[in-house]
Amino acid sequence: MSSKSPVRRTAATVLAAACALGALGACSSGSSKSTAADAGSGGTTTISFMQIMISGTQKSTLVALTDAFQKANPNIKVDLQYQPDYGTLHAKETAGVAAHNPPTIGQVYESWAAEYAKSQVILPVSQYAGSDKPAGLGDFYQGVQKDLRLPDGKLWMWPFNKSVQVIFSNQNMLQAKGINPPTTWDEFATAAKAVSGNGVTAISVDPGTTASPGGGTILFQALCAANGTPDFAPDGTPQINSPAAVQAMSYLADLKKAGALAVGTNFPGETALGAQKGAFDMSSAAGYYFENQAVGGKFTLATQVLPSGSSGKPANVLSGTNIAMFASASKAQQAAAWKYMQFLASAESQAQWSSTTGYLPVTPKALDQMGDFLAKNPYMKTAAGALDYAFAQPALPWVAKAQGEEVVALQKVLEQGTDPAAALNAAQQAAVADQKAGQ
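Reading guide: rules and limits
- Residues numbered from 1 in each chain as written.
- Predicted model: local features only at pLDDT ≥ 70, side-chain atom pairs only at ≥ 80, totals over all residues.
- Heavy atoms only, no water.
- Salt bridge = Lys/Arg side-chain N within 4 Å of Asp/Glu carboxyl O.
- Helix = DSSP H or I, 4+ residues; strand = E, 2+ residues; numbered from the N terminus.
- Buried < 20%, exposed > 50% of the residue type's maximum accessible area, 1.4 Å probe, protein only.
- Contact = heavy atoms within 4.5 Å.
- Arc of directions from axis to C-beta.
- Pairing = 2+ DSSP bridges.
- Axes fitted to C-alpha atoms, helices over the stretch in contact; angles between N-to-C directions.
- Parallel < 35°, antiparallel > 145°, perpendicular 65-115°, else oblique.
- Left-handed = near helix turned anticlockwise from the far one by under 90°.
- Nonpolar A, V, L, I, M, F, W, Y, C, P; charged D, E, K, R; others polar.

Colleague: So what about the pattern of salt bridges? Which residues, and what values?
Modeller: In total, this model carries six salt bridges according to the counting rule given. Across the salt bridge formed by aspartate 139 and lysine 365, the nearest N and O atoms sit 3.3 Å from each other. Pair noted here: aspartate 139 is in the loop between α5 (125-129) and α6 (142-147) and lysine 365 is in the loop between α14 (347-357) and α15 (371-376), with a separation of 226 residues, a long-range link. Judged by its relative accessible area of 45%, lysine 365 is partly exposed. Lysine 401 is the salt-bridge partner of aspartate 434, the closest N and O atoms lying 3.9 Å from each other.

Put into structure tokens, the structure is as follows:
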């Protein structure tokens, strides 16, 4: 993995092409018209897959998997269409639909899929799989299964690259203080305060911007859920000033006041951890490569799932994308693309994908084939287990904008000293306005 952008999810691009999407319904009839690439010589069906796996092991592994698929299916050709980042990907997919020339399948975030489905420019899985509960669906982790459905309850996507948040830590620093890995957020706060001082600030976070919420905002969201109430209800209703949210924001404010939390930009937790100026960093499990690179062997890098909150249960935030099929695909392309999608999500493919890219396998069956990798990277099995309960934000148009209100609240509290309840009340009011405007 040579670039951080494909791995580290933000919400910056969620609504990047929203203005164009409103007209997409008129651009696609959902018909199965043939394209020039549909059938080549010898009855070959060509499908295109638009994605951002443009470099490093992400690209080489996707190419290797695709080559293996084509070898096993000589009548199917897969055209891998690379884009440099998620923002460009979203814009290209949207432009392709408008021009009646989208890819056969493409990487999508949940909110993109919601807009595409609303405009009828992607197909529900049942249309090309013959069932809303196709074979293989039950093999995925529970959180992954839930993530494939939109608020209408229909299955619109198939999994591709998934991750959750984990805590990276300086094991040597913790052991020197006699601290065991914290299993609750209260224990984490105690540990963070104990290791801070003498040039060390336990954890550094970046709230992000209103257009691109960062790791600090994701931490706040995870804390809300761990305290019993996610920041958004399943129907997208903001719950940003719930008692659980106020508790979460007050927790972060207390760490800041105690000198155990700092605010920065551009992955400040990773930088501080690597420089031995921090003890912890919360980041995507798929970012293990970068954390390990920052550490550079200076100390033992430990990894654990997020602790439990006041609800007594752990919570985690699901990241990564799925695959959706565009409605202009012909019947032959639908059949070929579905076969390819199932191949990419198979246990064998996921074992190879996860072992080389750092993304989590979407099915626990893949772990059975990753013995050597797991022996050297035990974090993977622990992190993958969180896929059973990790959640993604509701795939509704106003949620991405409303998350920006959380960023503002975090900035006010952590950088300006605003009262947590007051900041969250203002954020809730703004988020409700975003909801009304987006319905």
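Colleague: I'd love a proper account of unusual backbone geometry, names of residues and values included.
Modeller: A positive phi angle, near 60°, is found at histidine 100, a position not held by glycine. Tracing the chain through its elements places histidine 100 in the loop between α3 (86-98) and β3 (105-108). Owing to a relative accessible area of 48%, histidine 100 belongs among the partly exposed residues under this scheme. Phi at asparagine 198 takes a positive value of approximately 55°, unusual for a residue other than glycine. By the element assignment, asparagine 198 lies in the loop between α8 (185-195) and β6 (203-205).

Colleague: Give a detailed account of the side chain of serine 204, specifying residues and quantitative values.
Modeller: Its place among the elements puts serine 204 in strand β6. By relative accessible area, serine 204 is classed as buried at 10%. Not counting the four nearest positions on each side in its chain, serine 204 is found in contact with Ala262, Pro268, Gly269, Ala272 and Asp281.

Colleague: Tell me about helix α12 (residues 288-295), and please be specific about residues and values.
Modeller: Taken as a whole, α12 has its buried residues at Tyr288, Phe290, Glu291 and Val295. Mapping the buried residues of α12 onto a view down its axis gives an arc of 165°, with all of them on the same face. Buried positions along α12 lie against β5 (165-170), α11 (268-274), β8 (280-284), β9 (301-305) and α16 (379-385). Where α12 ends, the next residue or the one after it, glycine 296, has phi of about 60°, a positive value.

Colleague: Describe the sheet that holds strand β10 (residues 319-325), naming the residues involved and giving the relevant values.
Modeller: Read across the open sheet, the five strands follow the order β2-β1-β3-β10-β4; overall the sheet is mixed. Edge positions in the sheet fall to β2 (76-82) and β4 (158-163), since each of these pairs with one other strand and no more. Pairs of neighbouring strands in the sheet enclose a mean axial angle of 20°, with direction left out of account. Sheet analysis places strand β1 (residues 45-51) next to β2, joined by seven bridges and oriented parallel. Within β2, the residue paired with methionine 50 across the bridge is glutamine 81. Sheet strands in contact with α3 are β1, β3, β4 and β10, and its direction is about 135° off that of β3. Taken strand by strand, helix α4 (residues 110-118) contacts β3, β4 and β10, and its axis lies near 130° from that of β3.

Colleague: A description of the packing of α8 against helix α10 (residues 243-257) should follow, citing residues and the corresponding values.
Modeller: Two quantities define a packed helix pair, namely the angle between the helix axes and the distance between the axes. Two elements in contact, α8 and α10, have axes separated by 10 Å at closest approach and are oriented at 15°. With respect to each other, α8 and α10 are oriented roughly parallel. α10 is crossed by α8, and the crossing has right-handed handedness. In this structure, α8 uses Trp185, Phe188, Ala189, Ala192 and Lys193 to contact α10, whose residues at the interface are Tyr251, Asp254 and Leu255. Counted by class, the contact of α8 with α10 contains six nonpolar, no polar and two charged residues.

That is the geometry; function is a separate question.
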